[in-house]
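Each chain, letter by letter, is given below.
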Amino acid sequence: MNVVFAVKQYISKMIEDSGPGMKVLLMDKETTGIVSMVYTQSEILQKEVYLFERIDSQNREIMKHLKAICFLRPTKENVDYMIQELRRPKYSIYFIYFSNVISKSDVKSLAEADEQEVVAEVQEFYGDYIAVNPHLFSLNILGCCQGRNWDPAQLSRTTQGLTALLLSLKKCPMIRYQLSSEAAKRLAECVKQVITKEYELFEFRRTEVPPLLLILDRCDDAITPLLNQWTYQAMVHELLGINNNRIDLSRVPGISKDLREVVLSAENDEFYANNMYLNFAEIGSNIKNLMEDFQKKKPKEQQKLESIADMKAFVENYPQFKKMSGTVSKHVTVVGELSRLVSERNLLEVSEVEQELACQNDHSSALQNVKRLLQNPKVTEFDAARLVMLYALHYERHSSNSLPGLMMDLRNKGVSEKYRKLVSAVVEYGGKRVRGSDLFSPKDAVAITKQFLKGLKGVENVYTQHQPFLHETLDHLIKGKLKESLYPYLGPSTLRDRPQDIIVFVIGGATYEEALTVYNLNRTTPGVRIVLGGTTVHNTKSFLEEVLASGLHSRSKESSQATSRSASRR
């Protein structure tokens, strides 16, 4: 179950099926992103694809010597563009691939438009999602719900993305969903409908234990996307933002022109592939080793190129040297910028208190530490608000809850109203009333003992003691202990055996910390394969945008007014 490989295979097959000769790849806005995640331009060039065009670009030239490979989402808009294209074809022959199920009526319209008989084939290739890591996929949808319910357009896109994922991995799963979420049940039903309607597509070889699709809701764990991260990939996304593997470094002080935007892809960057899940301290020493290695291989300034053999050796090694030089400068820049932000924003101290808020249950110590950091001028308004959000979620119903006082502290610190309002919005989004599970207190004697022993041992790393709630959910699922009363099956049948192939989907977005959890479970649990997906992959900034987009904050205005009234009385 490797989503990068699945999408890559589709694209290779498209190019191979069109046969030898020069080709143009015609895509839409979304499929451009889907392709760029798994292939670099230079890799595709080697397959005789010399031109990349958007179907919606108006001023494409007529090039009858090129074959066209069209990879498009089956939207009405794209079908209309394709009809126009076929009426006045710009290329010699067309191979059309839709990234999802296309209706018979649309195929008929295309056939009618193809008066010049330039279409060689029309097929469905189900690469209708963004493959981020081998076990992580996204649909790049921000703001999927209105209140607690789906935005209808996003429900339809998510259903398409999720069914395409199942088809590309050749899985026809049983479905479980989070009972406390209306949105999870709705998505489960929509996916089931597609499987029933397109039953011929889903007729795969039956495995002994059927695959399982588990649908969860972000509301159940609003803590994970609020935390600072310390492993490479997650940290880059949290502090710099990753958008389809691209990182915008244009705001970095003194950045050189060629490093304003860099690409971090494990597919073709060995250093990144080996370091993406390591913590920041290890990255630092690995960068140092990379630099030393590079220094050794660097051609000497006065290297004498006397014989033909010398020159030949130099020319042969130069491309690897150039590539290594690019890798070194890229990672040194990225890690340097992460270090600068960590010290500028005092993130080590902030993160330690975040971890305490997420993992410990000592209210008075947590409150003192949050108050202390709110007084610290180095702590940004963003980090100050995030600390108060974590406090508000954890100690929402604590008898000595001091949220009004902390809200006053935020105001005195000069934190903008936008962030102050978000505190109550986050509680409205993922507070105790909404959660189907208990995020904070251990449930039974075994769990309490575990937590006690963990406390005695001391954590190996105070900055990474938090484990996403997803870890516990998957652990229970793998052991066959996930309660059906909280995560029921859709339909009458249930799984008798422990699941082996698990696809987890998080409505409202997954995180790189959860992707790390899945990576580690895949590595340490023989016979179990897990793929994680989400409507998007969040950092704190995008998660807060998700909360705003849900519109729940408008309902919580009254409660925030009450909060500020009681605060001013103090």
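Right above here is the structure, for reference.
Residues numbered from 1 in each chain as written. Predicted model: local features only at pLDDT ≥ 70, side-chain atom pairs only at ≥ 80, totals over all residues. Heavy atoms only, no water.

(A) Quick look at unusual backbone geometry. Even without glycine at this site, E117 takes up a positive phi of about 50°. Inspection of the secondary structure puts E117 in the loop between α5 (104-113) and β5 (119-124). With relative accessibility at 70%, the residue E117 sits in the exposed group. Positioned with a positive phi, N346 is a non-glycine residue whose angle comes to about 60°. With respect to the secondary-structure elements, N346 resides in the loop between α11 (308-344) and α12 (347-359). (Helix = DSSP H or I, 4+ residues; strand = E, 2+ residues; numbered from the N terminus. Buried < 20%, exposed > 50% of the residue type's maximum accessible area, 1.4 Å probe, protein only.)

(B) Spatial organisation of helix α20 (residues 540-549). Among all positions of α20, only T540, S542, F543, L544, E546 and V547 are buried. Directly after α20, the chain includes G551, whose backbone phi takes a positive value near 75°.

(C) Up close: the sheet that holds strand β7 (residues 136-138). Pairing in this open sheet of six strands is mixed, and the strands run β6-β7-β17-β15-β11-β10 from one edge to the other. This sheet does not close on itself; its edge strands, each paired only once, are β6 (130-133) and β10 (174-177). Ignoring which end each strand starts from, the neighbouring axes of this sheet average 25° apart. Bridging between β6 and β7 involves three bridges; their strand directions are antiparallel. The partner of I130 across the bridge, within β7, is S138. Most of the contacts of helix α7 (residues 182-197) go to β10, to which it runs at about 165°, and overall it touches β10, β11 (212-217) and β15 (501-507). (Pairing = 2+ DSSP bridges. Axes fitted to C-alpha atoms, helices over the stretch in contact; angles between N-to-C directions. Contact = heavy atoms within 4.5 Å.)

(D) Expanded view of the sheet that holds strand β3 (residues 67-72). The sheet built from five strands is open, its strands ordered β2-β1-β3-β4-β5 with parallel pairing. Edge positions in the sheet fall to β2 (49-54) and β5, since each of these pairs with one other strand and no more. With direction set aside, neighbouring strand axes in the sheet form an average angle of 15°. Bridge count between strand β4 (residues 93-98) and β5: five bridges; the pairing is parallel. Within β5, the position partnered with F95 by the bridge is E121.

(E) Examining the pattern of salt bridges more closely. In this structure the tally under the stated criterion is 29 salt bridges. Residue R157 is joined to E30 by a salt bridge in which the shortest nitrogen-to-oxygen separation is 3.2 Å. Taken together, the residues R157 in helix α6 (residues 152-168) and E30 in helix α2 (residues 29-38) connect sequence positions 127 residues apart. With a relative accessible area of 36%, E30 lands in the partly exposed category. Measuring nitrogen to oxygen at the nearest pair gives 3.7 Å for the salt bridge that ties E545 to K541. Here the residue E545 and the residue K541 both occupy positions in helix α20, the gap between them amounting to four residues, near one helical turn. (Salt bridge = Lys/Arg side-chain N within 4 Å of Asp/Glu carboxyl O.)

(F) Looking closely at the environment of A549. Mapped onto the elements, A549 comes out in helix α20. For the pair formed by A549 and L142, sequence separation is 407 residues and the distance between their alpha carbons is 8.1 Å.

(G) Here's a closer look at the nonpolar core. If you look at the biggest cluster of nonpolar residues, it comprises 161 residues, and the most contacted ones within it are I215 and I507. In terms of residues, this core owes the most to one element, helix α14 (residues 381-394), which gives 10 residues. Ignoring sequence-local partners within four residues, the contact set of I215 consists of L162, I175, R176, Y177, Q178, A184, L187, A188, F505 and I507. Residues V24, C70, I102 and A113 belong to the second largest nonpolar core, which totals 19 residues. (Core = buried A, V, L, I, M, F, W, Y, C linked by side-chain atoms within 4.5 Å.)

(H) Main features of a nonpolar patch on the surface. A surface patch of nonpolar side chains, amounting to about 280 Å² of accessible area, comprises M22, L45 and Y50. With respect to the element layout, L45 can be found in helix α3 (residues 41-45). (Patch = residues over 30% accessible without salt bridge, like charges linked within 9 Å, V, L, I, M, F, W, Y side chains within 5 Å. Areas by Shrake-Rupley, 256 points an atom, 1.4 Å probe, with all protein chains shown as cover.)

(I) Expanded view of the side chain of T517. Within the fold, T517 resides in helix α19 (residues 512-524). T517 sits in the buried class, given a relative accessible area of 9%. Beyond its immediate stretch of four places on either side in the chain, T517 contacts P468 and H471.

(J) The environment of A111, seen in detail. Locating A111 in the fold gives a position in helix α5. Between the alpha carbons of A111 and L86 there is a distance of 9.1 Å; along the sequence they are 25 residues apart.

(K) Representation of the packing of aromatic side chains. Within this structure, the stated rule accounts for 12 aromatic pairs. Relative to F125, the ring of Y97 lies with its centre 4.8 Å away and its plane at 35°, an arrangement referred to as tilted. Note that Y97 is positioned in strand β4 and F125 in the loop between β5 and β6, a separation of 28 residues in sequence. Each member of the pair, Y97 as well as F125, is classed as buried. When the centroid spacing of 5.7 Å and the interplanar angle of 65° are considered together, the rings of Y129 and F137 count as edge-to-face. According to the relative accessible area criterion, Y129 is buried, its value standing at 1%. Under the relative-accessibility criterion, F137 is labelled buried at 1%. An aromatic cluster is built from Y10, Y97 and F125, whose rings are joined through pairwise contacts. The residue whose ring lies beneath K8 is Y39, and the NZ or CZ to ring-centre distance is 5.1 Å. (Phe/Tyr/Trp six-rings, centres within 6.5 Å; stacked < 30°, edge-to-face > 60°. Lys NZ or Arg CZ within 6 Å of the ring centre and 35° of its normal.)

Coordinates in, geometry out; function isn't part of it.
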